[in-house]
2 protein chains.
Amino acid sequence: MPVGLGPLPVLHPVPGFRLGIASAGIKRAGRKDVVIMEAAEGSSIAGVFTLNAFCAAPVTLCRQHLGQSPRYLLVNTGNANAGTGNPGMQAALKTCAALAELVGVDSKQVLPFSTGVIGELLPADKVIGALPAALENLDENNWAQAAEGIMTTDTLPKGVSRQITLAGETVTVTGISKGAGMIKPNMATMLGYIATDAKVAQPVLQGLLREAADLSFNRITIDGDTSTNDCCMLIATGQTQAVEITEAAGEDYTLLADTIKAVMLELAQAIVRDGEGATKFVTVQVNGGNNRDECLDVGYAISHSPLIKTALFASDPNWGRILAAVGRAGVPDLDVEKIDVYLDQACITRNGGRAEEYTEAQGAAIMAQAEITIRIELGRGEHSETLWTTDLSHEYVRINAEYRT
Amino acid sequence: MPVGLGPLPVLHPVPGFRLGIASAGIKRAGRKDVVIMEAAEGSSIAGVFTLNAFCAAPVTLCRQHLGQSPRYLLVNTGNANAGTGNPGMQAALKTCAALAELVGVDSKQVLPFSTGVIGELLPADKVIGALPAALENLDENNWAQAAEGIMTTDTLPKGVSRQITLAGETVTVTGISKGAGMIKPNMATMLGYIATDAKVAQPVLQGLLREAADLSFNRITIDGDTSTNDCCMLIATGQTQAVEITEAAGEDYTLLADTIKAVMLELAQAIVRDGEGATKFVTVQVNGGNNRDECLDVGYAISHSPLIKTALFASDPNWGRILAAVGRAGVPDLDVEKIDVYLDQACITRNGGRAEEYTEAQGAAIMAQAEITIRIELGRGEHSETLWTTDLSHEYVRINAEYRT
C-alpha cells in the first residue's frame with residue numbers, strides 16, 4: 001500500500017501540450033501501454049537521462065534527438081528495450097520513423113521512451129499498430145490517463161499540478177511520473193514528464209531541469225538500483241502570453257524555478273510513497289557535513305542499509321544499526337563523539353552515545369508512524385542534504401522474486 | 001538453512017593454545033556466551049579490525065593492547081558493547097582487569113571482543129562472574145565448543161583445520177569464525193580466530209593476516225552493512241619444533257601463507273553459507289578489469305543489488321538486472337559492447353547483448369542450483385576479483401525485522 005499517496009489531484013492542462021493514450025498489447029492485451037505527447041511548434045524541451053552505462057536504446061536515441069527540435073514523445077511500457085544491442089536500436093528507430101511519418105515531422109523530432117522488462121526486444125510492430133489510436137486520442141486534458149498509461153509496478157498513478165502568475169498571466173506547471181523499483185535515479189527517474197506553458201529558451205530550461213532533478217529525483221532511492229531507462233523531461237510550450245523567462249527575469253525566474261522544483265519533488269516523493277512493498281515513507285536528513293558528498297554518503301549508507309530498512313519495516317527503534325551505517329559511510333576523520341541522531345524530534349544519540357533522556361517507548365512510538373524522519377547531525381560543517389526512501393518488507397521480496405524487470 | 005555447510009570437521013588442537021567456555025547469562029540464562037583463549041608465552045598475535053568509525057569499545061582496546069605482548073583473548077556474545085560511549089569503555093576495561101588479575105598478567109595483555117546487540121552497556125559483572133569457570137575449562141581440545149560459544153544468529157558453528165609439514169615437522173592451522181548478518185567486513189569479519197603452532201614473528205604474522213584477510217573476509221558480503229565489531233585474530237604460538245618462518249623462508253613461507261589463506265577463505269565462505277536467510281551461495285567473479293577497484297565496484301554492485309538478490313532467491317535468470325548493476329557500478333568509460341556475462345559456464349550476454357545460443361531453460365537450470373557463479377568479463381584489462389555473497393529471502397527480512405542487532 002502506498003504511504004500517504006491519494007488519488008490524482010486536478011491536473012491542469014498545459015496550453016500547447018497534448019497527450020494521447022492507446023493499447024498496443026505489449027505485455028498484456030488491452031492494457032494502455034503507449035502514450036504519445038505532442039509539444040506545439042516552438043516548444044523548448046529539456047531532458048536528463050540515466051548515467052547507467054547499460055542505458056537502453058531509446059535513451060541513447062533521446063540524447064541524440066534532443067538537439068533536433070523535438071515535437072513528439074513516444075512512451076511504451078511493458079518492455080524496456082534495454083540490453084537488446086543493435087536490434088533494439090533498430091526497433092526504436094522504426095517506431096520513431098513510423099510516428100514521424102504519421103504526423104509529418106522528421107524522425108529525429110521524435111523522442112522515444114521505454115520501460116518494463118530488460119533484455120527482450122521491443123515489439124516495434126505492436127507499438128506502431130497503436131500509433132493511429134494514440135494520435136486520435138491527443139488532448140490537452142489527458143494528463144490523468146497518461147499518468148496511468150506510463151505505470152508498470154506502480155500501484156497508483158502519480159501527477160502534480162501548480163499554477164502561478166507571471167507578469168499578470170496564469171502559467172501552469174503539470175507533471176507525471178512512474179517508477180516503483182530499480183529506483184536510485186542518477187540524473188533522472190524511471191520516467192518523469194513535466195510541462196509548462198511558460199516561455200523558456202532550451203538552455204535555460206535545461207538548467208532549470210538539472211537543478212530541480214538534483215533536488216528531487218536525484219534524492220530518492222528505493223533499492224539503490226539505478227535503472228537503465230531513467231528519463232525526466234521538461235517541456236515549455238511558450239503558449240502563455242507572459243514574457244519569456246530568462247535567468248535575468250529575477251522574481252519571475254525564481255518563482256518558475258521554485259514551482260518546477262516543487263512539482264518535481266512531489267512527483268519524486270510519490271515514487272517513494274509507492275515504492276515496491278513500502279510501508280514507510282522515510283526522510284533522511286544529514287546536517288553539519290563539511291561538503292555535499294559526505295552528507296550524501298551518510299544519507300545513502302542509511303537509505304540502502306537492509307538492516308535499517310528491515311528495522312523500519314518492523315517499527316523497531318534499532319538505533320545501533322543507524323550508528324553502524326553512519327560509521328561505515330566512508331566519511332574521512334569522522335569524530336563519532338560529535339554525532340547526534342534524531343528520530344523526528346527525539347534525540348536518541350548525543351555525542352555518539354545513547355541520549356540520557358531517550359526512552360525506548362519514545363522511539364517505538366515514532367517508529368510506528370507511517371512517516372518518519374531520521375536526522376543525523378555530523379557536527380563538522382555547514383552542509384545539509386536530504387534523501388527520501390522506504391523500508392524493506394516481505395512484500396518487496398515477494399514482488400521482486402515474482403516480477404521480472 | 002545454510003548452503004553446503006555441514007557439521008564441524010575435526011579441529012586439530014594447536015600446541016600452546018587453549019580455549020575455555022562458560023555461561024555468563026548475558027542475553028539468555030544458560031547460554032555459553034563467554035570464551036577465553038590463552039596463547040602460551042612467546043606467542044605472536046596479529047589482528048585486523050573493522051574500519052567502521054563507530055567501532056565498539058573492545059575494538060578500540062584491542063588495537064591499543066595488540067602491541068603489549070597479549071596473552072589472553074576474552075570474547076562475549078549477546079552484547080556488542082558498541083555505541084556505549086565512555087561507560088562502555090569502562091566496562092571493557094573492567095573485564096580485562098578482572099581476567100588479568102585471575103591469571104597474573106598485566107590487563108593490557110588481555111584482548112577483549114564483544115558481539116551482539118549494539119547500544120546496550122556490557123554487563124561487566126556478569127562476564128566477570130563467568131571467568132573462573134571459563135579458566136577452569138581451558139583446554140587445547142576445546143575448538144569445537146569455542147566455535148559454538150561465539151555464535152549469535154549463526155545457525156551452525158564454523159571451523160576449519162589444516163596440517164602441513166614445515167621442515168619435517170607437522171604444523172597445524174586451526175580457526176573458527178562467526179557472523180551471519182551485518183556482514184561486509186572491512187579488514188576483518190565479525191569474529192575470526194585462527195591459531196597455528198608455527199614460529200612467526202609478529203610483524204611477519206601481521207603481514208600474513210592482512211594478505212589473507214584481503215582475499216577472504218574482505219571478499220564476502222551478505223547485506224553490505226559493515227559491523228562495528230569486526231575482528232580477526234591470527235595467533236602463532238611457536239610451539240612447533242620447526243624453524244622460525246620468515247619471508248626469506250621461501251617454500252615454507254609460501255606453504256604456511258597459502259594454508260592460512262585457505263583456512264581463512266573457508267571460514268569466510270562458511271559465514272556466507274550461513275548468511276541470514278541464505279538459500280544460495282553465490283560466487284561473483286569479475287575478470288578483465290583495468291584495476292582492482294573497478295573489479296570490486298562491479299562485484300559489489302552485483303552482490304548488493306536487492307533486485308539481483310531477490311532474483312537469485314526466486315531462481316529467476318533475470319540477467320537484465322545483472323547488466324543494470326554492472327552499468328551503474330561507476331566504472332569510467334565502460335564500453336558495454338565488450339562485456340560478456342556468464343552464469344556458471346553458460347554465456348548469457350555477449351558484447352553487451354543477449355548471447356545467441358543462450359536459452360531461458362539453460363539459465364533457469366543454473367539458477368535452480370544452490371551454488372551459482374556469476375562471471376563478468378569486462379574485456380578491458382588483466383585484473384580479476386572474486387566475491388562471495390547470498391540471495392535476499394523472506395527469511396532475511398523476517399530475521400532482521402524480529403532480531404535486534
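Residues numbered from 1 in each chain as written. Chains lettered and ligands numbered in written order. Predicted model: local features only at pLDDT ≥ 70, side-chain atom pairs only at ≥ 80, totals over all residues. Heavy atoms only, no water.

Naming follows an unreviewed UniProt entry, where chain A appears as Arginine biosynthesis bifunctional protein ArgJ of Halopseudomonas salina. UniProt lists a comment for chain A under the heading Sequence similarities (unreviewed entry), and it reads "Belongs to the ArgJ family." The heading Subunit (unreviewed entry) in the UniProt record of chain A holds the text "Heterotetramer of two alpha and two beta chains." (UniProt positions renumbered as here; feature names shortened; annotations may be inferred.)

(A) View of the sheet that holds strand β14 (residues 371-377) of chain B. Residues and elements named next belong to chain B. The strand order across the open sheet formed by 6 strands is β13-β12-β11-β14-β10-β15, and the pairing between neighbours is mixed. At either end of the open sheet lies a strand with only one pairing partner, and these are β13 (353-354) and β15 (383-390). Strand direction decides the pairing type here: strand β12 (residues 346-350) and β13, joined by 2 bridges, are antiparallel. Across the sheet, Arg 350 pairs through a bridge with Gly 353, a residue of β13. (Pairing = 2+ DSSP bridges. Helix = DSSP H or I, 4+ residues; strand = E, 2+ residues; numbered from the N terminus.)

(B) Structural view of the side chain of Asn400(A). Here Asn400(A) is to be found in helix α11 (residues 394-402). Classification of Asn400(A) by relative accessible area gives buried; the value is 0%. Apart from the residues lying within four places of it in its own chain, the contact partners of Asn400(A) are Glu276(A), Leu307(B), Thr310(B), Ala311(B) and Arg321(B). (Buried < 20%, exposed > 50% of the residue type's maximum accessible area, 1.4 Å probe, protein only. Contact = heavy atoms within 4.5 Å.)

(C) Representation of the environment of Ile348(B) in the model. All names here are of chain B. Structurally, Ile 348 can be placed in strand β12. A sequence separation of 325 residues divides Ile 348 from Ser 23, and the C-alpha atoms of the two residues are 52 Å apart. Every residue in contact with Ile 348, bar those within four places of it in the chain, is listed here: Trp 319, Val 341, Tyr 342, Leu 343, Gly 353, Arg 354, Ala 355 and Tyr 358.

(D) Here's a closer look at the interface of chain B and chain A. Each partner contributes to the interface: chain B provides 49 residues, whereas chain A provides 49 residues. Remark: the boundary between chain B and chain A carries 0 salt bridges. On inspection of chain B and its partner chain A, the count reaches 6 residue pairs in polar contact (both at pLDDT 80 or more). Only α8 (306-313), α9 (319-327), β13 and α11 (394-402) of chain B provide two or more residues apiece to the side of chain B that touches chain A. Looking at which element gives the most residues to the side of chain B that touches chain A, the answer is α9(B), with 7 residues. Here the side of chain B that touches chain A is composed, by residue class, of 23 nonpolar, 17 polar and 9 charged. (Salt bridge = Lys/Arg side-chain N within 4 Å of Asp/Glu carboxyl O. Polar contact = N/O pair within 3.5 Å; in protein donor to acceptor, adjacent residues only side chain to side chain. Nonpolar A, V, L, I, M, F, W, Y, C, P; charged D, E, K, R; others polar.)

(E) How the structure looks around the pairing of strand β4 (residues 72-77) of chain B. Residues and elements named next belong to chain B. Among the 6 residues that make up β4, 6 are buried, leaving the element largely enclosed by the rest of the structure. Here β4 shows no split at all, with Tyr 72, Leu 74 and Asn 76 on one side and Leu 73, Val 75 and Thr 77 on the other all buried. In this sheet, β4 lies alongside strand β2 (residues 34-39) in antiparallel orientation, the contact comprising 5 bridges. In the sheet register, Val 35 faces β4, and the bridge partner there is Val 75. For β4 and strand β5 (residues 110-115), the ladder comprises 6 bridges, and the chain directions are parallel. Residue Leu 73 lies in a different strand from β5, and its bridge partner there is Leu 111.

(F) Main features of the packing of aromatic side chains. Residue and element names in this part refer to chain A. Enumeration over the complete set of coordinates arrives at 4 aromatic pairs over all chains. Their ring planes at 25° and their centres at 5.4 Å tell us that Phe 17 and Trp 143 sit as a pair that is stacked. With Phe 17 in strand β1 (residues 17-22) and Trp 143 in helix α4 (residues 143-149), the pair connects residues that are 126 residues apart, well separated along the chain. Judged by relative accessible area, which is 1%, Trp 143 ranks as buried. (Phe/Tyr/Trp six-rings, centres within 6.5 Å; stacked < 30°, edge-to-face > 60°.)

(G) Region of interest: α11(A). Here α11(A) has its buried residues at Tyr396(A), Val397(A), Ile399(A), Asn400(A) and Ala401(A). For α11(A), the secondary structure elements touched by its buried residues are α8, α9 and α11 of chain B.

(H) Representation of the environment of Ala242(A). Residues and elements named next belong to chain A. With respect to the helices and strands, Ala 242 occurs in the loop between β9 (231-236) and α6 (251-273). A residue is classified by how much of its surface remains accessible, and Ala 242, at 3% relative accessible area, is buried. As a C-alpha pair, Ala 242 and Leu 255 span 13 residues in sequence and 13 Å in three-dimensional space.

(I) A look at unusual backbone geometry. All names here are of chain A. The backbone of Asn 81 sits at a positive phi, close to 45°, despite the residue not being glycine. Within the secondary structure layout, Asn 81 lies in the loop between β4 (72-77) and α2 (85-103). A positive phi angle, near 50°, is found at Ala 167, a position not held by glycine. Here Ala 167 lies in the loop between β6 (158-166) and β7 (169-178).

(J) Layout of the pattern of salt bridges. Tallied over the entire structure, the rule returns 26 salt bridges over all chains. The salt bridge involving Glu38(B) is made with Arg18(B); its shortest N-O contact spans 2.8 Å. Here the residue Glu38(B) occupies a position in strand β2, and Arg18(B) occupies one in strand β1 (residues 17-22), the gap between them amounting to 20 residues. When its relative accessible area of 12% is taken as the criterion, Glu38(B) is described as buried. A salt bridge links Asp274(B) to Lys158(B); its shortest N-O distance comes to 2.7 Å. Of this pair, Asp274(B) sits in the loop between α6 (251-273) and β10 (281-289) while Lys158(B) is found in strand β6 (residues 158-166), placing the two residues 116 residues apart along the sequence. Neither Asp274(B) nor Lys158(B) differs from the other in exposure class; each is buried. Put simply, Asp154(A), Lys158(A) and Asp274(A) are held in one network by salt bridges that share partners.

(K) Spatial organisation of the domain arrangement of chain A. Residues and elements named next belong to chain A. Domain parsing of chain A yields domain 1 (17-273) and domain 2 (281-402). The C-alpha-based centres of domain 1 and domain 2 are spaced at 33 Å. Between domain 1 and domain 2, the contact holds 13 residues from the first and 15 residues from the second. In total, about 1,300 Å² of surface goes out of reach between domain 1 and domain 2, with carbon and sulfur atoms giving 55% of it. Inspection of the region where domain 1 meets domain 2 yields 1 salt bridge. (Domains from an automatic or database assignment. Buried area = accessible area lost by both parts, 1.4 Å probe.)

(L) Broad picture of the environment of Leu156(B). All names here are of chain B. Position of Leu 156 relative to the elements: it lies in the loop between α4 (143-149) and β6. C-alpha separation for the pair Leu 156 and Gly 299, spaced 143 residues apart in sequence, amounts to 27 Å. Ignoring sequence-local partners within four residues, the contact set of Leu 156 consists of Pro 2, Leu 5, Gly 6, Met 151 and Asp 274.

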